[in-house]
Amino acid sequence: THFGFEQVKVDEKQDKVADVFHSVASKYDVMNDLMSGGVHRIWKRITIEQSGVRRGHKVLDIAGGTGDLTMRFSRLVGSEGKVVLADINDSMLNVGRDRLMDKGITGNVEFVQANAEALPFPDNTFDCITIAFGLRNVTHKDNALASMARVLKPGGKVMVLEFSKTENPLLTKAYDIYSFSLLPKIGKLIAGDEESYRYLAESIRMHPDQETLKGMMEDAGLVQCKFQNMTGGIVALHTGIKP
Ligand code: SAM
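Caption draft 1: View of the sheet that holds strand β4 (residues 126–132). Pairing within the open sheet is mixed, and its 7 strands lie in the order β3-β2-β1-β4-β5-β7-β6. Pairing within the sheet leaves two strands with one partner each, and these edge strands are β3 (109–113) and β6 (223–230). Here the strands of the sheet are splayed against their neighbours by 15° on average, with no regard to which way each runs. For strand β5 (residues 152–163) and strand β7 (residues 235–241), the ladder comprises 7 bridges, and the chain directions are antiparallel. By the bridge assignment, K157 is partnered in β7 with I241. Against the sheet, helix α4 (residues 68–77) touches β1 (58–62), β2 (82–87), β3 and β4, its axis set at about 165° to β2. Of the strands in this sheet, β1, β4 and β5 touch helix α6 (residues 141–151), which is tilted by about 145° from β5.

Caption draft 2: Region of interest: the site of the ligand. What surrounds the ligand is a group of 19 residues, the closest being A63, D87, N115, A116 and A132. A132 is positioned such that a nitrogen or oxygen atom in its backbone is 2.9 Å from a nitrogen atom of the ligand. Contact with the protein chains covers 96% of the free accessible surface of the ligand, which is 600 Å². Class assignment of the residues belonging to the shell around the ligand gives a composition of 11 nonpolar, 6 polar and 2 charged.

Caption draft 3: Main features of the pattern of salt bridges. Summed over the entire model, instances satisfying the criterion amount to 12 salt bridges. The partner of E80 in a salt bridge is R55, with the nearest N and O atoms 3.0 Å apart. Pair noted here: E80 is in the loop between α4 and β2 and R55 is in the loop between α3 (40–49) and β1, with a separation of 25 residues, a long-range link. A residue is classified by how much of its surface remains accessible, and R55, at 53% relative accessible area, is exposed. The partner of R198 in a salt bridge is E194, and the shortest N-O contact between them spans 2.6 Å.

Procedures and definitions
- Residues numbered from 1 in each chain as written.
- Predicted model: local features only at pLDDT ≥ 70, side-chain atom pairs only at ≥ 80, totals over all residues.
- Heavy atoms only, no water.
- Pairing = 2+ DSSP bridges.
- Helix = DSSP H or I, 4+ residues; strand = E, 2+ residues; numbered from the N terminus.
- Axes fitted to C-alpha atoms, helices over the stretch in contact; angles between N-to-C directions.
- Contact = heavy atoms within 4.5 Å.
- Near = heavy atom within 4 Å.
- Polar contact = N/O pair within 3.5 Å; in protein donor to acceptor, adjacent residues only side chain to side chain.
- Areas by Shrake-Rupley, 256 points an atom, 1.4 Å probe, with all protein chains shown as cover.
- Nonpolar A, V, L, I, M, F, W, Y, C, P; charged D, E, K, R; others polar.
- Salt bridge = Lys/Arg side-chain N within 4 Å of Asp/Glu carboxyl O.
- Buried < 20%, exposed > 50% of the residue type's maximum accessible area, 1.4 Å probe, protein only.

Have a look at this one:
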């Protein structure tokens, strides 16, 4: 199905992030379950529940990867709605497309290769835009947030689900040990790729904390910006509305 959006080819400037996701694409889902003990499913379910997405809505799932959020949205919006899964990486897009097809999710989903920093959609297109565990990998996050605000309909909602800063010092200590020592070893064992999972831990540490990200969303022109910590702040769900 085509919804009139142009398929864009991403230029050659795909750096480390690209390599990481080409390398992990086939093992991505099993690693998610393993690394989070399955808890990422709960984080995603809460995101869906708070999206307010209904039948007939248009949803954009940026950095959609293997389609966890897209497949849930596809059921919610029904045949009158549509969901666009956008990702910069064609390996992840292919895994996502195959996976959704296997689950019989077709018809109201479109796959678009696109950079979050320059979304190839008209202004005021979507009722809801999600980016789950994706903003962390984007080089110019301010551009990405501005681009999301542009393609969102007035009154529409942006949702950023992302690793964040833990509050409790003990949890922080345990989490550091887990992500810097254990995680790369699991990555090596299961995906045969230690380096990508080392990168993951570093990118989490570098990511702006809750208040900073909230400020960045406000700077992008969104209003009613707020966040909700999950699992002690390991993950936070930020939301904002386009005025
Ligand atoms: N949203 C999915 C989920 O929660 O399971 C996938 C998250 S995965 C950790 C991050 C995804 O972001 C990858 O598929 C990667 O290709 C994509 N990505 C990284 N940089 C991007 C960018 N600048 N624009 C769009 N997607 C990007």
